[in-house]
Amino acid sequence: MAVTRLKVNPTRMELRRLKDRLKTAVRGHKLLKDKSDEMIRRFVELAKRNLALRKQVEQALAGALSDFVLAKAVSDDYVIQQALAMPAARMQLQCGTQNIMSVVTPTFEIVQGEQKELFPYAFGRVTAQLDDSIRTISGLANEMIELAQIEKACNMLAIEIEKNRRRVNALEYIMIPQIEETIRYITMKLDENERGNIVRLMKVKDILAQK
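Described below are features of the structure shown in this document. Per chain, residues are indexed from 1 in the order of the written sequence. Totals for whole chains, interfaces and linings use all residues, but because this is a predicted model, local features are given only for residues with pLDDT of at least 70 and pairs of side-chain atoms are given and counted only at 80 or more. The basis for every side-chain value is the complete set of heavy atoms in the structure, and neither hydrogens nor water enter the calculation.

## Considering the packing of helix α1 (residues 12-74) against helix α4 (residues 141-210)
Then comes step 1: Orientation is described by axes fitted as lines to C-alpha atoms, over the contacting stretch for helices, and by angles from 0 to 180 degrees between their N-to-C directions. Secondary structure elements follow DSSP: runs of H or I no shorter than four residues count as helices, runs of E no shorter than two count as strands, and numbering proceeds from the N terminus. Running from N to C, α1 and α4 point in directions that differ by 160°, and their axes come no closer than 7 Å. By the angle class used here, α1 and α4 are roughly antiparallel. Between α1 and α4 lies a crossing whose hand is left-handed.
Then comes step 2: Under the scheme applied, nonpolar residues are Ala, Val, Leu, Ile, Met, Phe, Trp, Tyr, Cys and Pro; charged residues are Asp, Glu, Lys and Arg; polar residues are all the others, including Gly. Each residue belonging to the contact of α1 with α4 can be placed in one class, and the counts come to 29 nonpolar, eight polar and 17 charged. If an angle is under 35 degrees, it is roughly parallel; if it is over 145, roughly antiparallel; if it lies from 65 to 115, roughly perpendicular; otherwise it is oblique. Crossings are sorted by hand: turned counterclockwise from the far helix by less than a right angle, the near helix makes the crossing left-handed, and turned clockwise it makes it right-handed.

Below is the structure:
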């Protein structure tokens, strides 16, 4: 693809301005490229942690759901509903932020509230499978909150990586080539004007010598 030059006047002042602009663009391209590489590295780390944690949580939830289905199979629905009607604990979620390569991502932390008993029902009315299901889900609260935090950070980093990639490509394939092409054009024009001035001076000198 042919590179189009910028529409500027071919003057020495404009040439000097474009050379300064080119230095800034090259430096900015390097900084953005380094930032992009570091963001990708951090994203990969978070993605690996997200994958491992998701497998762990999904496996535990599958076991809890299986226990809950077994408990419902041998108990009446109203017994299960009454057993789970009153929560045994209250939890509060504390929200904050963290900075990952200039990307502000949310953080979540569970603040343990008042807790009475893990099982707010009489053991003789339900099966042990319901106990196991509640115990598993209660123990997964921190992991599920961490998983939500990591997934949100991954999504925000992925969006920022794509934006940064477009900036890098715009500098590398559009702006820098345009400036370089314009610098070559202005340099060629100035050299041509210089040669024209030299030719005119030589002609003037020849005319004066003949007189």
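Back to the write-up after that little detour.
## Quick look at helix α3 (residues 128-139)
Then comes step 1: By definition here, a helix of n residues has an expected span of 1.5 Å times n minus one. In this model α3 runs 17 Å from its N-terminal to its C-terminal C-alpha over twelve residues, within 8% of the 16 Å that 1.5 Å per residue would give.
Then comes step 2: Among the residues of α3, those classed as buried are Leu 130, Asp 131, Ser 133 and Ile 134. Buried residues of α3 fall within an arc of 165° about the axis and therefore sit on the same side. A simple rule labels every residue: compare its accessible area, found with a 1.4 Å probe on the protein chains alone, to the largest value its type can have, and call it buried under 20%, exposed over 50%, or partly exposed in between. Directions pointing from the helix axis toward each C-beta atom define the arc.

## Concerning the side chain of Asn 50
Then comes step 1: Within the secondary structure layout, Asn 50 lies in helix α1.
Then comes step 2: Residues contacting Asn 50, with those up to four places away along its chain left out, are Leu 147, Ile 150 and Glu 151. Residue contacts are counted whenever heavy atoms from the two residues lie within 4.5 Å of one another.

## Some points on the nonpolar core
Then comes step 1: Residues belong to a common nonpolar core when they are buried Ala, Val, Leu, Ile, Met, Phe, Trp, Tyr or Cys residues joined through side-chain atoms within 4.5 Å. One finds Leu 15, Leu 18, Leu 22, Ile 179, Ile 183 and Ile 186 to be the most contacted residues of the largest nonpolar core, which totals 14 residues.
Then comes step 2: Going through the elements one at a time, α1 and α4 are the ones with two or more residues in this core.
Then comes step 3: Broken down by element, the residue count for this core peaks at eight residues, all from α4.
Then comes step 4: Apart from residues no more than four positions distant in its own chain, Ile 183 is found in contact with Leu 15, Leu 18, Lys 19 and Leu 22.
Then comes step 5: Formed by twelve residues, the second largest nonpolar core is a distinct cluster that contains Met 39, Leu 46, Ile 100 and Ile 161.

## A few points about the packing of aromatic side chains
Then comes step 1: Only centres within 6.5 Å qualify two rings of Phe, Tyr or Trp (six-membered ring in Trp) as a pair; their planes then separate them into stacked at under 30 degrees, edge-to-face at over 60, and tilted for everything else. Applying the stated criterion to the full structure yields zero aromatic pairs.
Then comes step 2: Positioned above the aromatic ring of Tyr 185, the side-chain terminus of Arg 5 is 3.8 Å from the ring centre. Our definition puts a charge over a ring when NZ of Lys or CZ of Arg is within 6 Å of the ring centre and also within 35 degrees of the ring normal.

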